[in-house]
Amino acid sequence: MGISKCTAFLVFSFVLISSFEDSNQMNSKIGCPELSRIMRKAKSLVESETNYSELLEQIGFLKRPFLFSADSCNTDLNTKVKNAKVNTIAAQIYRSDYNVSLQEFETSAINCTKAKTRKISAHQKYRSIDGRGNNLKNPEWGASDTPFSRYGPPNYEDGIYKIKKSVTGADLPNARLLVQDLLMKAVRSPPPKVTYNMMALLIILFATHDLHYQVPTTTHCKDADIRCCSKDGQYALPNELSNSACFPIEISKEDPFYKHENIGCLNVVRSQLGTYSNDAKPGQILNRATAYLDLSLIYGNHASELRPIRLYEGGKLRMGKGNLLPVDSKGKYLPSMDRFVVTPIGSIWPALFARNHNNLAERLAKLNKHWDNETVFQEARRINIANFQFNLITAKNIEKVFNKVVNESYSEERNAATCAEFSFTYRAGHYYIPQHMVLRHENDSETKYLQSDTIGKIDILENDFDAVLSGATQQHLNVEQYADEVVNRIGKNPRGYGMDLIALDIQRGRDQGISSFVEIRRKCNLKPEINSFDDFGKIVNKTNVDLLKRMYESFEDVDFYVGGLLESFASIGNPLAGPTFGCVIGENYNNVMGGDIYFFTHPDNPYPFTTAQINAVRKYRVSNIFCTNSNLNETYKYWSLTPGAINPKIKCDDYPPMDLSAWKD
């Protein structure tokens, strides 16, 4: 088989092999020798695909890195990714050749291989950096570089990895057209009188990025991304000249924005695949983050990421310019923080908690002079994580924003792994991003930047963090139409043309095989049931139902992300997400809390917090974090709401640093 034929066979969408054996062979039991043959074949195909990709790289089918690229120079991770690819294509061969269930492949693969997870016999006092060992029975659950879980079944055409079509057999509607002809025209409910501010939105985005770090397929150890469009962006590359991971968004020649630049293609690369060491579930998406609320954005997802940013003095982190975020000895930010460093407004919360760590470490070192550096660091990290968990979960901020109760005791049977669908509920937050980033200075003057003009300019925060924080506490969320910055200019070129972030979100949902909106709603057991387009009228505006009918062949096809957004539009800003998104959010956070033995309130914690320590954590609220870790003299009574008659200014004297007396040793 030639390389180009191999690529057409693989098309990293993994086109299903069409040859079937006779009925006797289809129904026969497949033994380990036959499975071994299939795995060898899959490995050979993956090697061929890799070689062809390297050839494409050599002849220039790479592009400058997009905003959300990730380091790929990780030998251990790349091996896992390769194994995940092999499992996925082997499953497709297995099903095609023998017409048996996916579950039988998974069972056979596990029984026929000797892969074992490293056993961990006892819990450490402090949670690991990579999340491993939190669950002794299943040490990889919730760990970094393992697969996302799924709330609904994988929604692939072949049930494994091939991109889904409509239930009618037609292609699903183009992602960019869905943005332009549906979401941009959709009717939204009037916003509530009292609205959330940017800090409320940003903590939601911060929390979800602490739980998920999904990355596109990457080129190995090259500072470049896979190119799926021609260099001028006029057209998508043909299959024989494109990497098998390509999944670009084609743009109409009549597009109201891109037609002026003759752009006909937006570059999208399929997500990286992942697998567990002792499992063989194909088509699963890699999560490079831990699935715990453990501030991995700040401390890293691996010990190798944490070591360079530790000062190794007084239990502190090495802070960069403006005392903003942790850096290594060369002044570089943590790889897991790259997503926020390139979008500076997202760095406000990480900066607050990084500073909070050092504040805690400094005071703990004075309180317990006999503690060594390691003890101070680990105790400060432990308290800092508890501050995060309390203010997000047990202070009921999730419940207030999404109307979902989150309150779970620990169970070793609960897998904390982040749901793939969960990240899409939070992508809805992209809707609320306003056109400008606002800095509010000490003299009450303002500086405004277009969001797209802030990309890559972390120096805005390094130079005036207090003005950025003050501006975000006072800035209203966008509750009108999508900001032009979000649907046209993310990562823009010198002429102002960039990525449509919302179209990318839709395309990413299809790439990851996210179940349809209707299917997830059924899984949530929500009423009323949706069994036709007209039934959508029971949960969204009639105009929006008509828009759905025009765009989709069947009501069963409506993307989870699109349906969830329309449902959220029916109650804009109060809460920030509708019932279907809320269902998934609640389920995920209950898994996070119930699957984390180190959660600060759990008595099951191998080294539990004392009652006095838990009470101290509960008294240290978001407003205390603002005042302790900035130079602000005042904040607002309700930190997540915009200023107004019911939300007056409060002096920071009323929000002191955390009481650490319960940690006196």
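What comes next concerns the included structure. No experiment lies behind these values; they were computed from the predicted model shown.

Rules used in this analysis
- Residue positions within a chain follow its written sequence, with the count starting from 1.
- Confidence filtering applies because this is a predicted model: local features only for residues at pLDDT of at least 70, side-chain atom pairs given and counted only at 80 or more, and all residues used for totals across whole chains, interfaces and linings.
- Just so you know, side-chain values use all the structure's heavy atoms and leave hydrogens and water out.
- Helix and strand assignments follow DSSP, with helices taken as H or I runs no shorter than four residues and strands as E runs no shorter than two, numbered in order from the N terminus.
- Two rings from Phe, Tyr or Trp (for Trp, the six-membered ring) form a pair when their centres are within 6.5 Å of each other. A pair whose planes differ by under 30 degrees is stacked, one over 60 is edge-to-face, and the rest are tilted.
- By the criterion adopted, a ring carries a charge over it if an Arg CZ or a Lys NZ lies within 6 Å of its centre and within 35 degrees of its normal.
- Relative accessibility thresholds used throughout: buried, under 20% of the residue-type maximum; exposed, over 50%; partly exposed, between the two (1.4 Å probe, protein chains only).
- Contacts are assigned to residue pairs with any non-hydrogen atoms lying within 4.5 Å of each other.
- Counted as salt bridges are all cases of a side-chain nitrogen of Lys or Arg within 4 Å of a carboxyl oxygen of Asp or Glu.

1. Quick notes on unusual backbone geometry
Then, number 1: Of note, the amide linkage connecting Lys527 to Pro528 takes the cis form, showing an omega dihedral of 0°.
Then, number 2: The residue Pro528 is located in the loop between helix H20 (517–523) and helix H21 (542–551) in this model.
Then, number 3: In the segment running from Asn574 into Pro575, the intervening peptide bond is cis, with an omega of 0°.
Then, number 4: With respect to the element layout, Pro575 can be found in the loop between helix H22 (560–569) and helix H23 (579–594).
Then, number 5: The backbone of Asn262 shows a phi angle near 60°, a positive value even though the residue is not glycine.
Then, number 6: Mapping Asn262 onto the fold places it in the loop between strand E4 (249–250) and strand E5 (265–266).
Then, number 7: Although it is not a glycine, Leu295 adopts a positive phi angle of roughly 55°.
Then, number 8: Looking at where Leu295 falls in the secondary structure, it is placed in the loop between strand E6 (286–287) and helix H8 (296–299).

2. As for the packing of aromatic side chains
Then, number 1: All chains considered together, the criterion is met by 26 aromatic pairs.
Then, number 2: Between Phe257 and Tyr497, the ring centres sit 4.7 Å apart and the planes meet at 40°, which makes this aromatic pair tilted. Placement of Phe257 in the loop between E4 and E5 and of Tyr497 in the loop between helix H18 (484–488) and helix H19 (501–511) is noted, with a sequence separation of 240 residues between them.
Then, number 3: Ring pairing ties together the aromatic residues Phe206, Trp349, Phe353, Phe388, Phe626 and Trp639, which thus form one cluster.
Then, number 4: Sitting over the ring of Phe377, Arg310 keeps its end group 3.9 Å from the ring centre.
Then, number 5: Over the ring of Phe424 we find Arg427; its NZ or CZ atom is 4.7 Å from the centre of that ring.

3. Thoughts on helix H14 (residues 420–427)
In an α-helix, one full turn covers 3.6 residues, which means residues spaced three or four apart are oriented alike.
Then, number 1: The buried count for H14 comes to 8 of 8 residues, which makes it a mostly enclosed element.
Then, number 2: All buried positions along H14 are accounted for by Ala420, Glu421, Phe422, Ser423, Phe424, Thr425, Tyr426 and Arg427.
Then, number 3: Lining the buried residues of H14 we find helix H7 (198–211), helix H13 (397–402), H19, H20, H22 and H23.

4. Quick notes on the pattern of salt bridges
Then, number 1: Inspection of the entire model under this criterion finds 34 salt bridges.
Then, number 2: We note a salt bridge from Arg288 to Asp145, for which the minimum N-O separation is 3.7 Å. One end of the pair, Arg288, is in the loop between E6 and H8; the other, Asp145, is in the loop between helix H5 (102–112) and strand E2 (146–147), and 143 residues separate them in sequence. For the pair formed by Arg288 and Asp145, the shared burial category is buried.
Then, number 3: Two residues, Arg176 and Asp500, come together in a salt bridge whose shortest N-O distance is 2.8 Å. You can see Arg176 sitting in helix H6 (residues 175–183) and its partner Asp500 sitting in the loop between H18 and H19, a full 324 residues away along the chain.
Then, number 4: Note on Arg176: relative accessible area 1%, which makes it buried.
Then, number 5: On the basis of relative accessibility, which here comes to 0%, the residue Asp500 falls in the buried class.
Then, number 6: Three or more residues joined by partner-sharing salt bridges are found here, namely Glu34, Arg37 and Asp97.

5. Here we look at H6
Then, number 1: Taking burial as the measure, the 9 residues of H6 include 7 buried ones, the bulk of the element.
Then, number 2: Among all positions in H6, only Ala175, Arg176, Leu178, Val179, Gln180, Leu182 and Leu183 are buried.
Then, number 3: At its buried positions, H6 is contacted by E4, H18, H19, H21 and H22.

Functional significance is not addressed by these values, which are geometric in nature.
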